[in-house]
Amino acid sequence: MKNKFLLLAFVSAFYACSDNDSPTTPAATPELRLVTSSNTSGKVSYTDLLASTPNPISFTIGSLDTDGVYYDSTRDEILVASRSQNKLEIYGGIQNALTANATSLSLSLASASEFANAREVAVSGDKIVVTQDQSPSNANTNKLLVYQRTGSSLSLLHAYTVNFKTWGIAIEGSTLYAVADLTGDLLVFENFFNLPSGSIMPTKRVTIAGLVRTHGIAYAASDDRMVLTDVGAAASDSDGGLIVINNFSSVINATPNGGTIALTNQVRVYGPLSTLGNPVDVAYDAVSQRIYVAERANMGGRLLTFALPTTTADAAPAAARLEPGISSVYVHRK
């Protein structure tokens, strides 16, 4: 009997200890990282925006001219669309490079050369979309190309020919949003990844009132907000702007194909305080409500950070840094 009581006491103590000391899943470390690419420097930049001192770190890569950039924290890779090599290029080991104070990154994976004059990339799961802007190098053909990442390979899955001049794109689920360069138009492609290769037409095309020439586009589903950039006249370094469309899903659904999104549905930032000339790309973080702009013309290239505007007005950026030839910007939060 004594042994039974001792055994019961031991078992009770064991389970009590196990309940109290059971390991819990540690909370994921928050991440907020920003990457940029350049048309002229042969570099990409990486900034940990949650660091006590969020200083940008520049790395030399194998392509002088890149347009379109993306950061994958799970794989610790930076993806760019190379205009020098006409390939998708992936550079890995970013955190190791930071620890080692390296000044360059090594190419870890590249696609075949299947496009020319790339302007943007967008990623959804294992799919990567590249925009090809018309030029003599590609027989003046505008395309959207879809690549699939499978292990250590990048394979072309679909090639779509489109009847508009491409630049920025954004993906939300199975819907792709694209801007039509040289216009103020926004295009919507529903069920995009299910479309067969060949010539495709958008589900809807609308005009953004007052927008001279679209380039950058960013959409955040968490607060249903669309951000667009206006480069105005390409030769001017002072006529650019930002356009924010709140409650975007309701606005776009209420606008018929061929219709116009009115100024009353926009919050606009234009004017000399903004220092916007040719804002060629944009990224938006819905948590901090910060807009990051790749300003290509002003002072040779700058990354501008804006607080989310609530009213239409001229507004100075909250922060600015020189970045020669900046062509694209991407912000990653986890």
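Residues numbered from 1 in each chain as written. Predicted model: local features only at pLDDT ≥ 70, side-chain atom pairs only at ≥ 80, totals over all residues. Heavy atoms only, no water.

Caption draft 1: Quick peek at the overall build of the protein. A count of helices and strands for the protein gives three helices and 26 strands. Expressed as lengths along the three principal axes of its C-alpha atoms, the size of the protein is roughly 95 × 45 × 45 Å. Per-residue burial over the protein gives 51% buried out of 334 residues. Of all intrachain contacts in the protein linking residues separated by at least 6 positions in sequence, the fraction that spans at least 24 positions is 52%. Taken as two groups, the 23 positive and 28 negative side-chain charges of the protein have centres that lie 3 Å from each other. (Helix = DSSP H or I, 4+ residues; strand = E, 2+ residues; numbered from the N terminus. Buried < 20%, exposed > 50% of the residue type's maximum accessible area, 1.4 Å probe, protein only. Contact = heavy atoms within 4.5 Å. Lys, Arg positive; Asp, Glu negative; His and termini not counted. Charge placed at Lys NZ, Arg CZ, Asp CG, Glu CD.)

Caption draft 2: Region of the structure containing the sheet that holds strand 7 (residues 107–110). An order of 4-5-6-7 is seen for the four strands of this open sheet, with the pairing classed as antiparallel. Two strands in the sheet have a free side with no partner beyond their single neighbour: strand 4 (66–72) and strand 7. For this sheet, the mean inter-axis angle between neighbouring strands, taken without regard to orientation, is 25°. Pairing between strand 5 (residues 77–82) and strand 6 (residues 87–92): six bridges, direction antiparallel. When the sheet's bridge partners are listed, glutamate 77 is paired in strand 6 with glycine 92. (Pairing = 2+ DSSP bridges. Axes fitted to C-alpha atoms, helices over the stretch in contact; angles between N-to-C directions.)

Caption draft 3: Geometry of the pattern of salt bridges. With the rule as written, the count across this model stands at 13 salt bridges. A salt bridge links arginine 33 to glutamate 31; the nearest nitrogen and oxygen atoms lie 3.7 Å apart. The pair arginine 33 / glutamate 31 is uniform in exposure class, with both members buried. The salt bridge partner of arginine 119 is aspartate 133, with a shortest N-O separation of 3.8 Å. Here aspartate 133 lies in the loop between strand 9 (127–132) and strand 10 (143–150) and arginine 119 lies in strand 8 (residues 118–124), a separation of 14 residues in the sequence. In this structure aspartate 133 comes out as buried when scored by relative accessible area, which is 3%. Salt bridges sharing partners connect three or more residues here, namely Asp67, Arg119, Asp133 and Lys165. (Salt bridge = Lys/Arg side-chain N within 4 Å of Asp/Glu carboxyl O.)

Caption draft 4: Molecular detail of the sheet that holds strand 22 (residues 279–285). Across the sheet, four strands lie side by side as 22-23-24-25; this open sheet has antiparallel pairing. Every other strand in the sheet has two partners, leaving strand 22 and strand 25 (319–322) as the edge strands with one partner each. Direction aside, neighbouring strands of the sheet carry axes that sit 15° apart on average. In this sheet, strand 23 (residues 290–295) lies alongside strand 22 in antiparallel orientation, the contact comprising six bridges. Its bridge partner lying in strand 23, proline 279 is registered against glutamate 295.

Caption draft 5: Geometry of unusual backbone geometry. Its identity is not glycine, yet asparagine 117 carries a phi of approximately 65°, on the positive side. Within the secondary structure layout, asparagine 117 lies in the loop between strand 7 and strand 8. In this model, methionine 299 sits at a positive phi of 60°, which is unusual for a non-glycine residue. Along the chain, methionine 299 falls in the loop between strand 23 and strand 24 (302–307). Methionine 299 gets classed as exposed once you look at its relative accessible area, which sits at 58%.

Caption draft 6: Fine view of the nonpolar core. One finds Tyr177, Ile208, Ile217, Met226, Leu228, Ile245 and Phe248 to be the most contacted residues of the largest nonpolar core, which totals 29 residues. If we ignore the near neighbours within four places in the chain, the residues touching phenylalanine 248 are Tyr177, Leu186, Tyr219, Asp224 and Met226. If you look at the next biggest cluster of nonpolar residues, it comprises 17 residues, including Tyr160, Leu176, Phe192 and Phe193. (Core = buried A, V, L, I, M, F, W, Y, C linked by side-chain atoms within 4.5 Å.)

Caption draft 7: Up close: the packing of aromatic side chains. Throughout the structure, instances matching the rule amount to ten aromatic pairs. Centre to centre, the rings of tyrosine 177 and phenylalanine 248 are 5.5 Å apart; their planes meet at 80°, and the pair counts as edge-to-face. Note that tyrosine 177 is positioned in strand 13 (residues 175–180) and phenylalanine 248 in helix 3 (residues 248–254), a separation of 71 residues in sequence. Taking relative accessible area as the criterion, phenylalanine 248 reaches 0% and is therefore assigned buried. The interplanar angle of 70° and the centroid separation of 6.3 Å between the aromatic rings of phenylalanine 189 and phenylalanine 192 together place this pair among those described as edge-to-face. Assigned by exposure class, phenylalanine 189 and phenylalanine 192 land together as buried. (Phe/Tyr/Trp six-rings, centres within 6.5 Å; stacked < 30°, edge-to-face > 60°.)

Caption draft 8: Structural context of the pairing of strand 9. Strand 9 sits mainly inside the fold: six of its six residues count as buried. Connecting strand 8 to the next strand, strand 9, in antiparallel fashion are two residues, including glycine 125 with a positive phi near 60°.

Caption draft 9: Structural context of the environment of arginine 75. Turning to its location among the elements, arginine 75 is positioned in the loop between strand 4 and strand 5. The class for arginine 75 is partly exposed, based on a relative accessible area of 41%. Once the C-alpha coordinates of arginine 75 and alanine 221 are considered, the two residues, 146 residues apart in sequence, prove to be 24 Å apart.

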